[in-house]
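# Report on the structure
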Amino acid sequence: MEKKWQERENELRAALATAETEAALEGIRLRYFGRKGELPRLLASLSALPPEHRREKGREINSFKEWAEGAIAERRAALAPVPPRGPSLDVSLPGRPVSEGSIHPISRMSRRIVEVFRRLGFALADGPEVETEFYNFDALNTPPDHPARNEQDTFFLKDSPLIPATPSRNGGRLLLRSQTSPVQIRVMEKQRPPIRIVAPGRCYRRDEIDATHSIAFFQVEGLVVDEDLSVRDLKGTLELVFRELLGRETRFRFRPHYFPFTEPSFEIDGFRPGRSKTGKEWLELCGCGMVHPKVLSGTGIDPDRYSGFAFGFGIERLLMIVEEIPDLRLFTENDLRFLRNQSSPV
Ligand code: DAH
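These lines cover the structure that appears in this document, whether it is placed above or below. (Residues numbered from 1 in each chain as written. Predicted model: local features only at pLDDT ≥ 70, side-chain atom pairs only at ≥ 80, totals over all residues. Heavy atoms only, no water.)

## Overview of the packing of aromatic side chains
The line we're drawing: Ring pairs shown here join Phe, Tyr and Trp side chains whose ring centres sit within 6.5 Å, with only the six-membered ring taken for Trp; geometry is labelled stacked below 30 degrees between planes, edge-to-face above 60, and tilted in between. Secondary structure counts use DSSP, requiring at least four H or I residues in a row for a helix and at least two E residues in a row for a strand, with both numbered from the N terminus. The classification of residues rests on relative accessible area computed with a 1.4 Å probe and restricted to protein chains. Under 20% of the type maximum is buried, over 50% is exposed, and intermediate values are partly exposed. Lysine and arginine charges are scored as sitting over a ring when NZ or CZ, respectively, is within 6 Å of the ring centre and within 35 degrees of the ring normal.
Evaluated as defined, the whole model comprises 13 aromatic pairs. Aromatic side chains W5 and F64 sit 5.5 Å apart centroid to centroid with 40 degrees between the ring planes, which places their arrangement in the tilted category. In this pair, W5 is assigned in helix α1 (residues 2-18) and F64 in helix α4 (residues 51-79), connecting sequence segments 59 residues apart. Of the two residues examined, W5 and F64, each falls in the buried class. Ring centres 5.9 Å apart and planes at 25 degrees place the aromatic pair F259 and F261 in the stacked group. Grouping residues by exposure puts F259 and F261 together as buried. The structure contains a cluster of three or more aromatic residues connected by ring pairs, namely W5, Y32, F64 and W67. Over the ring of F156 we find R173, and its NZ or CZ is 3.9 Å from the ring centre.

Right, here's the structure in full:
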């Protein structure tokens, strides 16, 4: 009896070892488990046994059955093709693009502007966006009744425990700076002439938002203080810079203007013959002037010995001119179609 089961096992083992295909394996399986196979035949033979032997024989049949099932399954697994590891890879599919970030157009223009000034020996400066009334207005010789100080035009901040009270000289109300000009004062307080700085940064004004107005925008401030500076230096410097940014053929017009912190003051208009449709479009580019003696002396710089020129202009405005962007709001809406078109990669 013992021997017989062993033989059966050996038979099946040998058969499985030679089964190289799924079909051959199935043939073997049917030989044992099929309706007319070995196992049904063995089970049927049980009924012919005397009852006292049935149980023993039944157990033997069952254990062979279990072993045979396992052996067949094992062979099936060995025959099955090795499943690919991880998700299957179709190398013929187009690749998934890795989306690369890019520099925002405003940052890009700001860097370009700074780069041009750097070549002329200007250093980079900056100042806080939360300013005091002193830096934003008083130190810049802005009269107490100047309309810009109005709460309708400037964002004033409530006193907050998060913003410590400032010393009386630097005091006054806290506000979001309405221009980058306060950086001039901060630089002159710390540094003696010669001074040559540019300071790009965000400014805030209470405005109705439309295609050309925003409550937050960027300016570039510039300040040069030295001996023997005159309007010629101002004119030469700014014409050179704007020609670099707008094109060599750009022509300029210096219009007299008023700013409290410069005297005389000008507004520079630019005209680009190659880009002009009507031949008449003069574009307002920049405010500028010779630093007011009161502004110099307020920071401890002797106006009899030193003079200075200063300027300030809007970065978005310049971008809108250079890249013919019709609406200021595009810069802040984060529409990737716009940003991708405008931005070169990092
Ligand atoms: N701060 C001025 C503004 O926001 C721009 C300006 C004009 C800046 C003349 C200057 C300057 O430094 O000299 O309109």
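Now, onward.
## Quick word on the site of the ligand
Under the convention used in this document: Proximity criterion: a residue is near a molecule or strand once any of its heavy atoms comes within 4 Å of it. In the analysis that follows, any N or O atom pair within 3.5 Å is treated as a polar contact, provided that within protein one partner can donate a hydrogen and the other can accept it, and provided that, for residues neighboring in sequence, both atoms belong to side chains. Areas reported as accessible are Shrake-Rupley estimates using a 1.4 Å probe. Residue values count occlusion only from the protein chains shown. Throughout, the ten residues Ala, Val, Leu, Ile, Met, Phe, Trp, Tyr, Cys and Pro are labelled nonpolar, Asp, Glu, Lys and Arg are labelled charged, and all others, Gly among them, are labelled polar.
The immediate surroundings of the ligand are formed by 15 residues, with Q179, S181, R205, Q219 and E221 found nearest. Interatomic distance of 2.8 Å between a side-chain N/O atom of R205 and an oxygen atom of the ligand. Interatomic distance of 3.2 Å between a backbone N/O atom of F311 and an oxygen atom of the ligand. Taking 350 Å² as the accessible area of the ligand by itself, protein coverage stands at 90%. Elements with a minimum of two residues in the shell around the ligand: β6 (216-226), β9 (283-291) and β10 (307-314). Looking at the shell around the ligand, its residues break down into five nonpolar, eight polar and two charged.

## Focus on the sheet that holds strand β5 (residues 195-204)
Condition: Paired strands, in this sense, are two strands between which DSSP finds at least two bridges. Pairs of residues are marked as contacts when any of their non-hydrogen atoms sit within 4.5 Å. For every element, the axis is a line fit to its C-alpha atoms; helices are fit only across the contacting stretch, and the angle between N-to-C directions ranges from 0 to 180 degrees.
Here we have seven strands laid out as an open sheet, ordered β1-β5-β6-β10-β9-β8-β7, and mixed in their pairing. Where the open sheet ends on each side, the last strands, each with one partner, are β1 (123-124) and β7 (251-259). In this structure, β9 lies alongside β10, joined through four bridges in antiparallel fashion. Bridge assignment links G287 to a residue of β10, and that residue is G312. Across the sheet, helix α7 (residues 182-190) is in contact with β5, β6 and β10; its angle to β6 comes to roughly 40 degrees.

## Notes on the state of the cysteines
To be explicit about the condition: Cysteine sulfurs are considered disulfide-paired once they come within 2.5 Å of each other.
Scanning the model with the defined rule gives zero disulfides in all. The closest cysteine sulfur to the non-disulfide-bonded C203 is located on C286, 13 Å from its own sulfur. Free cysteine C288: the closest other cysteine sulfur is in C286, separated by 5.1 Å.

## Things to note about the environment of N136
Tracing the backbone through its elements, the reader meets N136 in helix α6 (residues 133-136). For the pair N136 and P182, spaced 46 residues apart in sequence, the C-alpha separation works out to 5.0 Å. Reaching out from N136, the side chain makes a polar contact with the side chain of S178 at a distance of 2.9 Å.

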